[in-house]
Amino acid sequence: HAPGYDLYAPTFKKNGVDDIICMSVNDTFVMNQWGKDLGTKNITYLGDGNGEFSEGLGLLTDFSAIGFGKRSWRYSMLVKNGVIEKQFIEPVKAGDPFEVSDAETMLKAMDDKAKAPMSVFMFSKKGCTHCKRAKLALDARGIAYEEAVV
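Before going into details, it helps to say that this report is about the structure given with it. (Residues numbered from 1 in each chain as written. Predicted model: local features only at pLDDT ≥ 70, side-chain atom pairs only at ≥ 80, totals over all residues. Heavy atoms only, no water.)

**Considering unusual backbone geometry**
Phi angles above zero are rare outside glycine, and Asn81 is one such case at about 50 degrees. Examined against the element boundaries, Asn81 turns out to sit in the loop between strand 5 (75–80) and strand 6 (83–89). Judged by its relative accessible area of 81%, Asn81 is exposed. (Helix = DSSP H or I, 4+ residues; strand = E, 2+ residues; numbered from the N terminus. Buried < 20%, exposed > 50% of the residue type's maximum accessible area, 1.4 Å probe, protein only.)

This is how it looks when you write it as structure tokens:
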């Protein structure tokens, strides 16, 4: 979820989104560390420590059978001025479905003419001048990229 929403953040901003929030049934310390580990820059992470928010939405699910306790079912929503305008709840089926709550589905629902951002993955080597030039060129054009240093 989070990497896709982070990648699409500039496009969401152009479509009037003020903030992208990732909420999970967890504490704030876990959520903040998760954001750091993922390296996202455009997402606010919030903990729903007791699951009260998720329960209020009817999305608190018991995963105790696999040792996870109560968790939120996966979903995404567009909220404007405190009112839910669009909501995409994953279908209830075995496993961990990820079919409708992704960033691309949300963007298409907001603006079917909006273009998805360019996605770039690059391998680089420390000290490589060609790699540095490539990153500067991507940055100058506002193209987000993921990098694997080899």
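Picking up where we left off.
**Concerning the nonpolar core**
Within the largest apolar cluster, 16 residues are counted, with the highest numbers of intra-cluster contacts made by Tyr5, Phe12, Ile20, Ile43, Tyr45 and Met106. Those elements that place two or more of their residues in this core are helix 1 (2–14), strand 1 (20–24), strand 2 (43–47) and helix 4 (103–110). Here the element with the most residues in this core is helix 1; it accounts for five residues. When neighbours within four sequence positions are excluded, Tyr5 is seen to be in contact with Phe12, Ile20, Ile43, Ser76, Ser101, Asp102, Ala103 and Met106. (Core = buried A, V, L, I, M, F, W, Y, C linked by side-chain atoms within 4.5 Å. Contact = heavy atoms within 4.5 Å.)

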